[in-house]
Amino acid sequence: MENIKEIPKPETIKDSRFLSWVERTGNKLPHPFLLFVYLAVAVILASAVLNFLGVNTYNPKTSDTLPVKSLLSGEGIEYIFTSFVKNFVSFPPLGTIVVVMLGIGLAERVGLLSTLLTQTVARAPKHLLTFLVFVAGICGSIASDANYLILIPLVAMVFHSVGRNPLAGAAAAYAAAGAGFDASLFVTVGDALFAGIATDAARIVDPEAYVSAVDNYYFVAPSVIILAIVGTLIIDKIVEPRLNRLHPISSMIKERPTTKITISVSEKLGLKRVALFTLGYLLLVLALVYPESSSLRNADGGLIPSPFLKSLVTFMFFYFLGIGIIYGKSVGKIKTIEDIPSLMAESVKTLATTLVLFLAISQFIAYFKWTGIGNLIAFEGASFLQSVGFDGYLLIISFILITCICNIFMTSGSAQFALFAPIFIPMLMQLNIDPAFTLAMFRIGDSSTNIISPMSPYFSVALVYMQSYKPDLRIGTLMATMLPLAIGFLVFWTAFLLLWTGLGLDVGPGVSMYIN
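Reference entry: report on the structure contained in this document. (Residues numbered from 1 in each chain as written. Predicted model: local features only at pLDDT ≥ 70, side-chain atom pairs only at ≥ 80, totals over all residues. Heavy atoms only, no water.)

1. Focus on the overall build of the protein
Then step 1. Each helix and strand in the protein was counted, giving 23 helices and two strands.
Then step 2. Out of the 516 residues belonging to the protein, those deemed buried represent 53%.
Then step 3. Of the contacts formed within the protein by residues at least 6 apart in sequence, a portion of 80% connects residues at least 24 apart.
Then step 4. Total accessible area on the protein stands at roughly 23,000 Å², and carbon and sulfur atoms take up 65% of it. (Helix = DSSP H or I, 4+ residues; strand = E, 2+ residues; numbered from the N terminus. Buried < 20%, exposed > 50% of the residue type's maximum accessible area, 1.4 Å probe, protein only. Contact = heavy atoms within 4.5 Å. Areas by Shrake-Rupley, 256 points an atom, 1.4 Å probe, with all protein chains shown as cover.)

Quick look at the structure:
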């Protein structure tokens, strides 16, 4: 899209002292890859110092105390070089995200995800427009970055076409895609990625620990409706009335569009076939899992835990592969069987940056484990939290606030969680907090402040799309527009988690706040 090339650099945008400070501070952070390289080096040096000082670490499984192992010793140097490839290849999120992306990426490449997003918004009844924009935008995280690029201009145009302020439409779309990123009615690539990082971090304490991609599903699925209601009320009652006073529709440079967004015959046929395939696929999965003697159930005939839950990534892959092929053939994007692997290969190219980041993250977490520093921090940190009485609701609120503040400066959710997980998950496990519950808390802080961070690349994207309607609009207007949405999402989503926990409900299959 040509508009993206016109994004103004953050350095050229003038605004308040606070925003300038946020911008300068965030810009000083190194690239996430370099950040984890520096952290890995810090662990190497710290392990040598702690070993020299005779500091002991604690093994929570055996209750034994052992000296911190130095990575600068003969044994440590041997470990660094002999485990380098293994650390990367055996990093739990690596295989998961590649497999999932091969399936979802195919569906995205043939245009299925963008068509679904477009039709959801364009065909929405006027009185439900804002609500359905939020539902579509929040669930649109399954389309990854394409969600922002498709939804923001689309919703702005739809709002304008029905006589509503297009700036409010762009704000609603940006809030849904950004502040609701970690909630969805579907299991996404992000779920698989976070689960893998959480599993690796939990194994610092428990080598048998496992976090599934659906371990937060019971909580994040209803969160979509809660956030959609909150977002709708804030847009309709606060944001749009304010924009209408300051930037009325009459001041927009674009004329109100009169044409309707249409869908081709082949796209309609493709969507019908996808719906039929979805129904058939669900019946097939049910047939495989329903019998009590199913090999996908556990030894007691249950599903929590079970081979089925551990196989969800595989089921996701085949589902998205199936709907991608069906839709691609219907619209002519797939003409021969040879087109399928080519399109899948193209989708994996988008993972290049993530794979480079994983190389550094995997080494950092592996060093954290091997030296025993992870257990040391977990034990001492848990002891400190117990001594100051941080537990229950106070712990939840504090962790979410820490996460949302850090998220302003580090908008990459995977990078931030890779930094948080090896420290906080083992620490909170010492307080009997389930790793998957820690992930649920992280989701709230990681999402809510995305839309007010100038460090986010999509902050400028949203600004540029809004400027196409109002050229003199500046970053301060965007920040003031998004701030009520960020605060609303943070407050009500946190309150929803507190209510969910207070009612004793599981955040996922067999997963509550506390272990066991």
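We are not done yet, so read on.
2. What to know about the side chain of S212
Then step 1. Position of S212 relative to the elements: it lies in the loop between α11 (189–202) and α12 (217–246).
Then step 2. With relative accessibility at 6%, the residue S212 sits in the buried group.

3. What to know about the side chain of Q363
Then step 1. Tracing the backbone shows Q363 in helix α17 (residues 352–371).
Then step 2. Since its relative accessible area comes to 5%, Q363 is described here as buried.
Then step 3. A polar contact of 3.0 Å, which involves the side chain of Q363, links it to the backbone oxygen of F84.
Then step 4. With residues up to four places along the chain from it excluded, the contact list for Q363 reads F84, N87 and F88. (Polar contact = N/O pair within 3.5 Å; in protein donor to acceptor, adjacent residues only side chain to side chain.)

4. Focus: the packing of aromatic side chains
Then step 1. Using the criterion set out here, one finds 22 aromatic pairs in the structure.
Then step 2. Here the aromatic rings of F277 and Y319 are separated by 6.1 Å at their centres, their planes lie at 25°, and the arrangement is stacked. A residue pair is termed long-range when its members are at least 10 positions apart, and F277 in helix α13 (residues 265–289) and Y319 in helix α15 (residues 312–331) qualify at 42 residues.
Then step 3. For the ring pair F417 and F442, a centre distance of 4.7 Å and an interplane angle of 45° mean the geometry is tilted. Taken as a pair, F417 in helix α20 (residues 413–429) and F442 in helix α21 (residues 435–448) lie far apart in primary sequence, 25 residues in all.
Then step 4. Aromatic rings pair up to connect F194, F399, F417, F420, F424 and F442 into one cluster.
Then step 5. Across the ring face of W370, the terminal group of K69 is positioned such that the distance to the ring centre comes to 4.2 Å. (Phe/Tyr/Trp six-rings, centres within 6.5 Å; stacked < 30°, edge-to-face > 60°. Lys NZ or Arg CZ within 6 Å of the ring centre and 35° of its normal.)

5. A few points about a nonpolar patch on the surface
Then step 1. Together, L34, V37, Y38, V41, L45 and L72 give the surface a local cluster of nonpolar side chains, amounting to about 520 Å² of exposed area.
Then step 2. As for its position among the elements, V37 is in helix α3 (residues 32–52).
Then step 3. Of the residues examined, V37 reaches a relative accessible area of 30% and is grouped as partly exposed. (Patch = residues over 30% accessible without salt bridge, like charges linked within 9 Å, V, L, I, M, F, W, Y side chains within 5 Å. Salt bridge = Lys/Arg side-chain N within 4 Å of Asp/Glu carboxyl O.)

6. Brief notes about helix α16 (residues 339–349)
Then step 1. Within the span of α16, buried status applies to I340, L343, M344 and S347. All buried residues of α16 project into a common sector of 100° when viewed along the axis, lining one side.
Then step 2. Those residues of α16 hidden inside the fold are in contact with α6 (92–109) and α15. (Arc of directions from axis to C-beta.)

7. So, the environment of I365
Then step 1. Here I365 shows up in helix α17.
Then step 2. In this structure I365 comes out as buried when scored by relative accessible area, which is 0%.
Then step 3. When the C-alpha atoms of I365 and F91 are compared, they prove to be 9.3 Å apart, with 274 residues separating the residues in sequence.
Then step 4. In contact with I365, other than residues within four places in its own chain, are F91, D200, A418 and P422.

8. Some words on unusual backbone geometry
Working note: non-glycine residues mostly have negative phi, and peptide bonds are mostly trans.
Then step 1. At N432, a position not held by glycine, the phi torsion is positive, near 70°.
Then step 2. Position of N432 relative to the elements: it lies in the loop between α20 and α21.
Then step 3. For N432, a relative accessible area of 33% gives the class partly exposed.

9. Some thoughts on the packing of α6 against α16
Then step 1. One can describe the packing of α6 onto α16 by two numbers: an axis separation of 8 Å at closest approach and a directional angle of 105°. On the basis of the axis angle, α6 is roughly perpendicular to α16. Here M101, L102, G105, L106 and R109 of α6 come into contact with α16, specifically with I340, L343, M344, E346, S347 and V348.
Then step 2. A breakdown of the residues in the contact of α6 with α16 according to their chemical character gives seven nonpolar, two polar and two charged. (Axes fitted to C-alpha atoms, helices over the stretch in contact; angles between N-to-C directions. Parallel < 35°, antiparallel > 145°, perpendicular 65-115°, else oblique. Nonpolar A, V, L, I, M, F, W, Y, C, P; charged D, E, K, R; others polar.)

10. Comments concerning α3
Then step 1. Its 21 residues place the ends of α3 30 Å apart at the C-alpha level, agreeing with the 30 Å of an ideal helix rising 1.5 Å per residue.
Then step 2. Regarding α3, the residues found buried are L35, F36, A40, V43, I44, S47 and A48.
Then step 3. One or two steps after α3, the chain reaches G54, where phi turns positive at roughly 75°. (Expected span 1.5 Å × (residues − 1).)

11. Some points on the packing of α6 against α17
Then step 1. Closest axis-to-axis distance for the α6/α17 pair is 10 Å, and the angle between their directions is 170°. Between α6 and α17, the interaxial angle falls into the category roughly antiparallel. From α6, P93, L94, I97 and V98 reach across to α17, where they touch T354, L355 and F358.
Then step 2. Grouping the amino acids of the contact of α6 with α17 by side-chain chemistry returns six nonpolar, one polar and no charged.

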